[in-house]
Amino acid sequence: GEKRRELPAGFEGSPAAPVRAVRVFCPGCLVVEGPSWSEDRDAPTRIATDPAFAGWPLVVLTDDADVWLAVWNGTGWLNQTTATTGSTGADHPAVAVAFEGTSGRALATYGEVSKKEIHYRTWVDGTGWSVDVKGPSLVDVPNSMMLYPESGVDGVMIAIQDDASDLHYLYWDGSTWGADNELE
């Protein structure tokens, strides 16, 4: 199908303090380095409202394991929601976000503390974030995860490392998850 949204692939902004560094993780996704929550409790708000991040989806994982989701439209944050107050951790990427290739929908995945299921939400322009949905269950608790959108279709591959250090790959076809392919 035809692309509905061109994702940014390079970052050229000049964010204000407290941002220490910014790098592109994948098209549409940034990794922003700033102070920890214990160092500066107002930093997430200042980072989230910085116009340098206009047009980039935002996923915030704080060091107390809260996950917040929102999308910046160039003038303000849309559809802000707390995905969970108990992710699988704050010292690894326990949350991921990607845009599907043709629909324009975002897919956000995350883990819940001590739970073996992948949790996810989708975002649709004009509608906002879906409710929390339990996805496939793994043998162990998912911790680090990354999403890789497939160009030209709505497929997204998720790569997950679980707390037993096994790797899992599952394919999202735009509506359902495929089988767990576990590498030990």
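Residues numbered from 1 in each chain as written. Predicted model: local features only at pLDDT ≥ 70, side-chain atom pairs only at ≥ 80, totals over all residues. Heavy atoms only, no water.

Turning next to the overall build of the protein chain. Regarding its fold elements, the protein chain presents one helix and 14 strands. For the protein chain, the share of sequence-separated contacts (at least 6 apart) that also reach a separation of at least 24 residues comes to 40%. When the accessible surface of the protein chain is totalled, it reaches about 9100 Å², and 49% of it is carbon and sulfur. (Helix = DSSP H or I, 4+ residues; strand = E, 2+ residues; numbered from the N terminus. Contact = heavy atoms within 4.5 Å. Areas by Shrake-Rupley, 256 points an atom, 1.4 Å probe, with all protein chains shown as cover.)

Following the sequence through the fold, Glu100 ends up in the loop between strand E6 (95-99) and strand E7 (106-111). Owing to a relative accessible area of 4%, Glu100 belongs among the buried residues under this scheme. Separated by 2.5 Å, the side chains of Glu100 and Ser103 make a polar contact. Excluding its chain neighbours within four sequence positions, the residues that come into contact with Glu100 are Arg105, Val153, Asp154, Val156, Trp172 and Gly174. (Buried < 20%, exposed > 50% of the residue type's maximum accessible area, 1.4 Å probe, protein only. Polar contact = N/O pair within 3.5 Å; in protein donor to acceptor, adjacent residues only side chain to side chain.)

Burial within strand E12 (residues 156-162) is extensive, with five of its seven residues counted as buried. Pairing of strand E11 (residues 142-149) with E12 involves seven bridges; the strand directions are antiparallel. By the bridge assignment, Pro142 is partnered in E12 with Asp162. Hairpin connection between E11 and E12: a loop of six residues separates the two successive antiparallel strands, and Gly152 in this loop has a positive phi of roughly 85°. In this sheet, strand E13 (residues 167-172) lies alongside E12 in antiparallel orientation, the contact comprising six bridges. Its bridge partner lying in E13, Ile160 is registered against His168. (Pairing = 2+ DSSP bridges.)

This next bit is on the sheet that holds E11. The antiparallel open sheet is built from four strands, whose spatial order is E11-E12-E13-E14. Unpaired on one side and paired on the other, E11 and strand E14 (181-183) mark the two borders of the sheet. The mean angle between the axes of side-by-side strands here comes to 20°, regardless of whether they run parallel or antiparallel. (Axes fitted to C-alpha atoms, helices over the stretch in contact; angles between N-to-C directions.)

This part takes up the pattern of salt bridges. Using the criterion set out here, one finds four salt bridges in the structure. Linking Asp40 and Arg46 is a salt bridge whose minimum nitrogen-to-oxygen distance equals 2.6 Å. For Arg46, a relative accessible area of 37% translates into the label partly exposed. (Salt bridge = Lys/Arg side-chain N within 4 Å of Asp/Glu carboxyl O.)

A full pass over the atoms with the stated rule returns four aromatic pairs. With centroids separated by 5.8 Å and ring planes inclined at 75°, the aromatic side chains of Tyr120 and Trp177 adopt a geometry described as edge-to-face. Within this pair, whereas Tyr120 is found in strand E8 (residues 117-124), its partner Trp177 is found in the loop between E13 and E14, the two being separated by 57 residues in sequence. For Trp177, a relative accessible area of 14% puts it in the buried group. Ring pairs connect the aromatic residues Tyr120, Trp172 and Trp177, which therefore count as one cluster. (Phe/Tyr/Trp six-rings, centres within 6.5 Å; stacked < 30°, edge-to-face > 60°.)

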